[in-house]
Amino acid sequence: MTKKSKSKSKIEKPRINDGLLSMDLQEIINDEEEYSSGEVNDLHFRPHSADKIRFDQMVFRHVSFENVQFRNVEFTDVIFEKCNLSNVDFSDAIIHRVEVNQSKLTGGNLSGATLRNVSFHNCVANYSTFGFSDSKQVAFKETSLIETDFYESTFKNVAFKSCRMDGCNFAETSLDGIDLSSSSFDSLIVSLDKLTGCTVTSEQAIGLSKILGLNIKDE
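Residues numbered from 1 in each chain as written. Predicted model: local features only at pLDDT ≥ 70, side-chain atom pairs only at ≥ 80, totals over all residues. Heavy atoms only, no water.

**Considering the sheet that holds strand β6 (residues 74–81)**
Across the sheet, 8 strands lie side by side as β1-β2-β4-β6-β7-β8-β9-β10; this open sheet has parallel pairing. Bordering the open sheet on either side are β1 (21–22) and β10 (154–161), each of which pairs with just one other strand. Inspection of the sheet shows strand β2 (residues 34–41) paired to strand β4 (residues 54–61) by 7 bridges, in the parallel sense. Counterpart to Ser36 in the pairing with β4 is Asp56. (Pairing = 2+ DSSP bridges. Helix = DSSP H or I, 4+ residues; strand = E, 2+ residues; numbered from the N terminus.)

This is the structure:
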(Lines give C-alpha, C1' and ligand atoms only; values in the text may rest on other atoms or scores of the structure.)
Protein backbone atom coordinates (compact mmCIF):
# COMPACT_ATOMS: atom_id res chain seq x y z
CA MET A 1 0.00 0.00 0.00
CA THR A 2 2.81 2.41 0.86
CA LYS A 3 4.59 1.91 -2.46
CA LYS A 4 1.37 2.38 -4.41
CA SER A 5 0.47 5.60 -2.60
CA LYS A 6 3.94 7.02 -3.26
CA SER A 7 3.78 6.24 -6.96
CA LYS A 8 0.37 7.88 -7.23
CA SER A 9 1.69 11.10 -5.73
CA LYS A 10 4.73 11.38 -7.99
CA ILE A 11 4.50 14.14 -10.57
CA GLU A 12 5.41 13.14 -14.11
CA LYS A 13 8.05 15.35 -15.71
CA PRO A 14 7.63 16.86 -19.16
CA ARG A 15 8.50 14.39 -21.90
CA ILE A 16 10.76 16.40 -24.15
CA ASN A 17 13.04 14.88 -26.77
CA ASP A 18 16.62 15.98 -27.32
CA GLY A 19 17.53 18.19 -30.24
CA LEU A 20 14.78 20.79 -30.03
CA LEU A 21 14.90 23.33 -32.83
CA SER A 22 15.35 26.98 -31.96
CA MET A 23 12.04 28.58 -32.83
CA ASP A 24 11.58 32.25 -33.63
CA LEU A 25 7.87 32.55 -32.96
CA GLN A 26 5.98 35.37 -34.53
CA GLU A 27 4.79 37.85 -31.97
CA ILE A 28 1.17 37.50 -33.06
CA ILE A 29 -0.22 33.98 -32.86
CA ASN A 30 -3.53 33.14 -34.49
CA ASP A 31 -6.41 30.98 -33.27
CA GLU A 32 -5.94 27.19 -33.27
CA GLU A 33 -2.28 27.26 -34.32
CA GLU A 34 0.03 24.48 -33.10
CA TYR A 35 3.69 24.65 -32.11
CA SER A 36 5.79 21.62 -31.21
CA SER A 37 9.35 20.39 -30.59
CA GLY A 38 10.87 23.84 -30.26
CA GLU A 39 12.88 26.05 -27.95
CA VAL A 40 12.06 29.75 -27.61
CA ASN A 41 14.47 32.20 -25.99
CA ASP A 42 14.34 35.92 -25.14
CA LEU A 43 11.02 36.74 -26.77
CA HIS A 44 8.52 39.40 -25.71
CA PHE A 45 4.99 38.83 -26.98
CA ARG A 46 2.94 41.92 -27.58
CA PRO A 47 -0.41 41.84 -25.75
CA HIS A 48 -2.94 40.10 -27.97
CA SER A 49 -5.64 37.43 -27.92
CA ALA A 50 -5.91 33.98 -29.48
CA ASP A 51 -8.00 30.92 -28.67
CA LYS A 52 -7.24 27.19 -28.69
CA ILE A 53 -3.48 27.45 -29.28
CA ARG A 54 -1.53 24.24 -28.71
CA PHE A 55 2.07 23.92 -27.52
CA ASP A 56 3.62 20.44 -27.39
CA GLN A 57 7.20 19.59 -26.33
CA MET A 58 8.30 23.20 -25.96
CA VAL A 59 10.84 25.01 -23.79
CA PHE A 60 10.42 28.73 -23.10
CA ARG A 61 13.35 30.63 -21.54
CA HIS A 62 13.23 34.33 -20.69
CA VAL A 63 9.98 34.72 -22.61
CA SER A 64 7.43 37.36 -21.65
CA PHE A 65 3.75 36.51 -22.11
CA GLU A 66 2.68 39.52 -20.06
CA ASN A 67 -0.93 40.56 -20.74
CA VAL A 68 -1.35 37.87 -23.42
CA GLN A 69 -4.77 36.22 -23.67
CA PHE A 70 -4.54 32.58 -24.75
CA ARG A 71 -7.90 31.21 -23.67
CA ASN A 72 -8.42 27.47 -23.99
CA VAL A 73 -4.69 27.08 -24.60
CA GLU A 74 -3.18 23.60 -24.32
CA PHE A 75 0.33 23.07 -22.93
CA THR A 76 1.62 19.48 -23.04
CA ASP A 77 5.21 18.60 -22.11
CA VAL A 78 6.32 22.21 -21.67
CA ILE A 79 8.95 23.94 -19.51
CA PHE A 80 8.89 27.63 -18.59
CA GLU A 81 12.23 28.94 -17.27
CA LYS A 82 12.49 32.48 -15.91
CA CYS A 83 9.45 33.64 -17.87
CA ASN A 84 7.08 36.53 -17.23
CA LEU A 85 3.49 35.28 -17.20
CA SER A 86 2.09 38.26 -15.31
CA ASN A 87 -1.53 39.09 -16.09
CA VAL A 88 -1.85 36.30 -18.64
CA ASP A 89 -5.28 34.93 -19.42
CA PHE A 90 -4.96 31.16 -19.65
CA SER A 91 -8.53 30.58 -18.55
CA ASP A 92 -9.94 27.12 -19.32
CA ALA A 93 -6.46 25.91 -20.26
CA ILE A 94 -5.36 22.28 -20.36
CA ILE A 95 -1.92 22.02 -18.75
CA HIS A 96 -0.29 18.58 -18.70
CA ARG A 97 3.25 17.61 -17.69
CA VAL A 98 4.44 21.18 -17.32
CA GLU A 99 7.16 22.79 -15.18
CA VAL A 100 7.15 26.49 -14.32
CA ASN A 101 10.48 27.50 -12.77
CA GLN A 102 11.64 30.88 -11.39
CA SER A 103 8.86 32.65 -13.23
CA LYS A 104 6.36 35.44 -12.53
CA LEU A 105 2.65 34.72 -12.66
CA THR A 106 1.42 37.78 -10.77
CA GLY A 107 -2.23 38.45 -11.56
CA GLY A 108 -2.44 35.50 -13.93
CA ASN A 109 -5.84 34.03 -14.78
CA LEU A 110 -5.99 30.23 -14.82
CA SER A 111 -9.62 30.02 -13.83
CA GLY A 112 -11.32 26.87 -15.02
CA ALA A 113 -8.00 25.31 -16.02
CA THR A 114 -7.29 21.59 -15.89
CA LEU A 115 -3.84 20.88 -14.44
CA ARG A 116 -2.24 17.42 -14.47
CA ASN A 117 1.36 16.73 -13.42
CA VAL A 118 2.31 20.39 -13.05
CA SER A 119 4.96 21.94 -10.80
CA PHE A 120 5.57 25.57 -9.89
CA HIS A 121 9.01 26.07 -8.34
CA ASN A 122 10.38 29.32 -6.93
CA CYS A 123 7.73 31.41 -8.64
CA VAL A 124 5.79 34.56 -7.77
CA ALA A 125 2.09 34.02 -8.35
CA ASN A 126 0.56 36.64 -6.07
CA TYR A 127 -2.99 37.77 -6.86
CA SER A 128 -3.41 35.07 -9.49
CA THR A 129 -6.60 33.06 -9.84
CA PHE A 130 -7.10 29.32 -10.13
CA GLY A 131 -10.79 29.53 -9.29
CA PHE A 132 -12.91 26.61 -10.52
CA SER A 133 -9.76 24.80 -11.67
CA ASP A 134 -9.22 21.03 -11.48
CA SER A 135 -5.76 20.04 -10.24
CA LYS A 136 -4.30 16.54 -9.93
CA GLN A 137 -0.64 15.78 -9.24
CA VAL A 138 0.30 19.44 -8.83
CA ALA A 139 3.00 20.97 -6.62
CA PHE A 140 3.67 24.55 -5.56
CA LYS A 141 7.22 24.71 -4.15
CA GLU A 142 8.86 27.78 -2.61
CA THR A 143 6.31 29.90 -4.43
CA SER A 144 4.64 33.12 -3.33
CA LEU A 145 0.85 32.76 -3.45
CA ILE A 146 -0.21 35.86 -1.55
CA GLU A 147 -3.94 36.48 -2.01
CA THR A 148 -4.10 33.85 -4.73
CA ASP A 149 -7.62 32.63 -5.48
CA PHE A 150 -8.44 28.91 -5.44
CA TYR A 151 -12.18 29.41 -5.05
CA GLU A 152 -14.25 26.24 -5.61
CA SER A 153 -11.29 24.32 -7.00
CA THR A 154 -10.79 20.56 -7.05
CA PHE A 155 -7.58 19.17 -5.53
CA LYS A 156 -6.20 15.66 -5.74
CA ASN A 157 -2.59 15.06 -4.72
CA VAL A 158 -1.84 18.78 -4.59
CA ALA A 159 1.16 19.91 -2.53
CA PHE A 160 2.11 23.29 -1.07
CA LYS A 161 5.73 23.20 0.10
CA SER A 162 7.42 26.21 1.74
CA CYS A 163 5.06 28.69 0.11
CA ARG A 164 3.95 32.15 1.21
CA MET A 165 0.17 31.93 1.28
CA ASP A 166 -1.20 34.84 3.28
CA GLY A 167 -4.73 35.72 2.22
CA CYS A 168 -5.20 32.72 -0.08
CA ASN A 169 -8.84 32.08 -0.92
CA PHE A 170 -9.87 28.43 -0.53
CA ALA A 171 -13.58 29.12 -0.12
CA GLU A 172 -15.72 26.17 -1.25
CA THR A 173 -12.56 24.10 -1.87
CA SER A 174 -12.00 20.87 0.03
CA LEU A 175 -8.66 20.85 1.82
CA ASP A 176 -8.89 17.19 2.77
CA GLY A 177 -5.41 15.68 2.34
CA ILE A 178 -3.74 19.08 1.86
CA ASP A 179 -0.66 19.76 3.99
CA LEU A 180 0.00 23.46 4.68
CA SER A 181 2.38 22.91 7.58
CA SER A 182 5.58 23.92 5.75
CA SER A 183 4.06 27.10 4.34
CA SER A 184 3.50 30.48 5.99
CA PHE A 185 0.34 32.55 6.34
CA ASP A 186 -1.34 34.85 8.84
CA SER A 187 -4.81 34.29 7.48
CA LEU A 188 -6.68 32.26 4.89
CA ILE A 189 -10.18 32.32 3.47
CA VAL A 190 -11.67 28.85 3.90
CA SER A 191 -15.01 27.11 4.19
CA LEU A 192 -15.39 25.55 7.63
CA ASP A 193 -17.09 22.42 6.32
CA LYS A 194 -14.18 21.78 3.95
CA LEU A 195 -11.31 22.06 6.45
CA THR A 196 -11.52 18.45 7.64
CA GLY A 197 -8.37 16.49 6.83
CA CYS A 198 -6.15 19.55 6.30
CA THR A 199 -2.73 19.37 8.01
CA VAL A 200 -1.42 22.50 9.74
CA THR A 201 0.99 23.33 12.56
CA SER A 202 -0.30 24.13 16.05
CA GLU A 203 0.52 27.80 15.47
CA GLN A 204 -1.39 27.83 12.19
CA ALA A 205 -4.29 26.10 13.91
CA ILE A 206 -4.52 28.95 16.42
CA GLY A 207 -4.76 31.41 13.55
CA LEU A 208 -7.44 29.34 11.83
CA SER A 209 -9.37 29.07 15.08
CA LYS A 210 -10.28 32.74 14.69
CA ILE A 211 -12.45 31.69 11.76
CA LEU A 212 -14.42 29.57 14.22
CA GLY A 213 -14.88 32.55 16.48
CA LEU A 214 -12.81 30.97 19.26
CA ASN A 215 -10.80 32.96 21.77
CA ILE A 216 -7.53 31.25 22.65
CA LYS A 217 -6.50 31.71 26.28
CA ASP A 218 -3.05 30.69 27.48
CA GLU A 219 -2.89 29.11 30.93
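Resuming the write-up.
**Examining the nonpolar core**
In terms of nonpolar packing, the biggest core is built from 55 residues, with Phe55, Phe60 and Phe160 touching the most fellow members. When contributions to this core are tallied by element, the ones reaching two or more residues are β2, β4, β6, β7 (94–101), β8 (114–121), β9 (134–141) and β10. (Core = buried A, V, L, I, M, F, W, Y, C linked by side-chain atoms within 4.5 Å. Buried < 20%, exposed > 50% of the residue type's maximum accessible area, 1.4 Å probe, protein only.)

**Regarding the environment of Leu195**
As for its position among the elements, Leu195 is in the loop between β12 (189–190) and α2 (202–209). Between the alpha carbons of Leu195 and Ser174 there is a distance of 6.6 Å; along the sequence they are 21 residues apart. In this structure Leu195 touches Leu175 and Val190, once residues within four positions along its chain are discounted. (Contact = heavy atoms within 4.5 Å.)

**Overview of unusual backbone geometry**
Keep in mind that most residues, glycine aside, have a negative phi and that most peptide bonds are trans. A positive phi angle, close to 65 degrees, is found at Asn67, a residue other than glycine. Note that Asn67 resides in the loop between β4 and β5 (69–71). Relative accessible area serves as the criterion here: at 37%, Asn67 is assigned to the partly exposed category. Phi is positive for Arg97, which is not a glycine, with a value near 50 degrees. With respect to the helices, strands and loops of the structure, Arg97 is situated in strand β7. Accessibility expressed as a relative area gives 10% for Arg97, which makes it buried.

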